Every structure is written in C-alpha cells, then in structure tokens.
Amino acid sequence: GILGKNTRGNNAYGGPCPPDREHRYFFKLYALNTMLNLKEGATKKEVEKAMEGHIIAQIELIGQYERVKS
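Quick caveat, the model's predicted, so the values are computed rather than measured.

Draft legend 1. Region of interest: the overall build of the protein. On a plain count of helices and strands, the protein comes out with one helix and two strands. At 15 Å, the protein has a C-alpha radius of gyration far larger than the 11 Å of a compact globule built from 70 residues. Projected onto its principal axes, the C-alpha positions of the protein cover 45 × 25 × 15 Å. Here the protein, with 70 residues, has 9% of them falling under the buried criterion. Contacts in the protein between residues far apart in sequence, at least 24 positions, make up 65% of those at least 6 positions apart. As displayed, the protein offers around 6,200 Å² of accessible surface, 53% of which is attributable to carbon and sulfur atoms. A gap of 3 Å separates the mean positions of the 11 positive and 8 negative side-chain charges of the protein.

Structure, rendered in structure tokens:
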C-alpha cells in the first residue's frame, strides 16, 4: 500500500484527537476489483475518483471519542 494525505495534510496516520467534545470518526473499508494506480500523497478526492466503478463491497464503522479530562 501507499500513504495518502490525511486531514492534517500529512502522509501518515494520526489517530483520533477530538478538539473539545465528543467527536465522531468515520472509518470506511472498500473491497475493489482492481489495484489502484495512485502515487503517495493522493488525496481523498483522488482515491474516491480512482475507485469509481471498482467497488464490489463496502462497510462503514462510526467511532465516538472524547478526550479524557485531566
């Protein structure tokens, strides 16, 4: 696999970090019928465009996280 650009603008996993209250995070998993030809740093929009017409199954998990107040 390759790393894509996250919402923080980095090519890395950052993990959930809610700013000030409970926050929802959406995790999506896709089964594709092809390998995507994308370069490292691809954006979400580029990945979604490349997947068009190749999704054979998908599932979504919604996680709710809240920072522990110290």
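Let us keep going from here.
Draft legend 2. Main features of the packing of aromatic side chains. As enumerated under the stated definition, the model contains one aromatic pair in all. Between Tyr25 and Tyr65 the ring centres are 5.6 Å apart and the planes differ by 65°, which places this aromatic pair in the edge-to-face class. Taken as a pair, Tyr25 in strand S1 (residues 23-32) and Tyr65 in strand S2 (residues 55-65) lie far apart in primary sequence, 40 residues in all. Overall, Tyr25 belongs to the buried group, its relative accessible area being 19%.

Draft legend 3. Quick peek at the pattern of salt bridges. Scanning the model with the defined rule gives two salt bridges in all. In this structure, Glu60 engages Lys28 in a salt bridge whose closest nitrogen and oxygen atoms are separated by 4.0 Å. Taken together, the residues Glu60 in strand S2 and Lys28 in strand S1 connect sequence positions 32 residues apart. For Glu60, a relative accessible area of 43% corresponds to the partly exposed category. Take Lys28: its relative accessible area is 44%, and that puts it in the partly exposed class. The partner of Lys49 in a salt bridge is Glu52, with the nearest N and O atoms 3.6 Å apart. Pair check on accessibility: Lys49 and Glu52 agree, each one exposed.

Draft legend 4. Molecular detail of a nonpolar patch on the surface. Residues Tyr13, Phe27, Leu61 and Tyr65 make up a contiguous nonpolar surface patch of roughly 460 Å² in combined accessible area. By the secondary structure assignment, Tyr13 is in the segment before S1.

Draft legend 5. The environment of Gln58, seen in detail. For Gln58, the location among the structural elements is in strand S2. For Gln58, a relative accessible area of 56% gives the class exposed. For Gln58 and Gly4, which are 54 residues apart along the polypeptide, the C-alpha to C-alpha distance reads 19 Å. Sequence-distant contacts of Gln58, defined by excluding residues within four places in its chain, comprise Leu29 and Tyr30.

Cut-offs and rules
What you see as residue numbers is a count from 1 along each chain, following the sequence as written. Note on the predicted model: pLDDT of at least 70 is required for a residue's local features to be given, and 80 or more for side-chain atom pairs to be given and counted; whole-chain, interface and lining totals, by contrast, use all residues. No hydrogens and no water enter the side-chain calculation; it runs on all heavy atoms of the structure. Helix and strand assignments follow DSSP, with helices taken as H or I runs no shorter than four residues and strands as E runs no shorter than two, numbered in order from the N terminus. In this treatment the radius of gyration is a C-alpha quantity, and the globule benchmark scales as 2.2 Å times the residue count to the 0.38 power. Exposure classes here rest on a 1.4 Å probe applied to the protein chains alone. A residue is buried below 20% of its type maximum, exposed above 50%, and partly exposed in between. Throughout, a contact is declared for two residues whenever any of their heavy atoms are within 4.5 Å. The method behind every accessible area is Shrake-Rupley, applied with a 1.4 Å probe, and residues are considered shielded solely by the protein chains displayed. Residues scored as charged are limited to Lys and Arg (positive) and Asp and Glu (negative), so that His and the chain ends carry no count. A charge is said to be at NZ when it belongs to Lys, at CZ for Arg, at CG for Asp and at CD for Glu. Between the rings of Phe, Tyr and Trp (Trp by its six-membered ring), a pair exists once the centres lie within 6.5 Å; its type follows the angle of the planes, with under 30 degrees stacked, over 60 edge-to-face, and the other angles tilted. What makes a salt bridge here is a side-chain nitrogen of Lys or Arg within 4 Å of a carboxyl oxygen of Asp or Glu, nothing more. What makes a patch is a set of residues exposed beyond 30% relative accessible area and free of salt bridges, joined within 9 Å when like-charged and within 5 Å when nonpolar (Val, Leu, Ile, Met, Phe, Trp, Tyr).

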